[in-house]
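What follows is the residue order along each chain.
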Amino acid sequence: MSNLHSTVASAIMNRYTANADRVRELAAPLTNAQFWRKPYPYGNSFGHLVLHLTGNLNYYIGAQIAGTGYVRDRPREFNDPDPPSKDDAFQRFDDAVEMVVKTIREQSPEDWSAEYSGVGTDATNRLAMLVQCAAHMQHHIGQMIYLGYELNRPTAAMSR
């Protein structure tokens, strides 16, 4: 493994692991009810964002790079009328992150520049897609931070 290859793989794996740890940390104080509650009619629940990140990783990395055969139902990620429990949602999320790390670990130096295509992305190679998905997680972590504050505000607690 070349030094650049191992540096890139390590950095990206560490980013996914750190992102997943941060999502779990932010969700830890939330009850199952809070996890699925939308504090605003126009936004998402924390839980639906977890389902969305899980679907995102399973499609863009699992189906398109790892060849898992995953079929995505993106609208359901945000509107599942019968969502899983918080624990089940996190088991699926953890499985997706584990698959991503395994997929990164299996990339050869040539694989980073391998052609890539997926619905809804402009990434043209695997490295670009892996970076894009990590950035996507960071974006939603920002929303999760805000949701956590909102769900734990004293006035929000009184209105539950």
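Note: the structure precedes this text.
### Points about the nonpolar core
Reasoning step 1: Core analysis: the biggest nonpolar cluster contains 44 residues, and Tyr16, Val23, Phe46, Val50, Leu57, Phe93 and Ile104 have the highest contact counts within it.
Reasoning step 2: Of all the secondary-structure elements, those providing two or more residues to this core are helix H1 (3-27), helix H2 (32-36), helix H3 (46-66), helix H5 (86-105) and helix H6 (126-151).
Reasoning step 3: At 11 residues, the largest contribution of residues to this core is made by H3.
Reasoning step 4: Beyond its immediate stretch of four places on either side in the chain, Val23 contacts Phe46, Val50, Leu53, Phe90, Phe93, Ile141 and Met144.

### Considering the packing of H1 against H3
Reasoning step 1: Two elements in contact, H1 and H3, have axes separated by 11 Å at closest approach and are oriented at 160°. Judged on the interaxial angle alone, H3 and H1 are roughly antiparallel. In the crossing of H1 with H3, the sense of the turn from one axis to the other is left-handed. Residues Tyr16, Val23, Leu26 and Ala27 of H1 touch H3, and the partners they reach there are Phe46, Val50, Leu53, Leu57 and Ile61.
Reasoning step 2: When the residues that make up the contact of H1 with H3 are grouped by side-chain class, the tally is 9 nonpolar, no polar and no charged.

About the thresholds
Residues numbered from 1 in each chain as written. Predicted model: local features only at pLDDT ≥ 70, side-chain atom pairs only at ≥ 80, totals over all residues. Heavy atoms only, no water. Core = buried A, V, L, I, M, F, W, Y, C linked by side-chain atoms within 4.5 Å. Buried < 20%, exposed > 50% of the residue type's maximum accessible area, 1.4 Å probe, protein only. Helix = DSSP H or I, 4+ residues; strand = E, 2+ residues; numbered from the N terminus. Contact = heavy atoms within 4.5 Å. Axes fitted to C-alpha atoms, helices over the stretch in contact; angles between N-to-C directions. Parallel < 35°, antiparallel > 145°, perpendicular 65-115°, else oblique. Left-handed = near helix turned anticlockwise from the far one by under 90°. Nonpolar A, V, L, I, M, F, W, Y, C, P; charged D, E, K, R; others polar.

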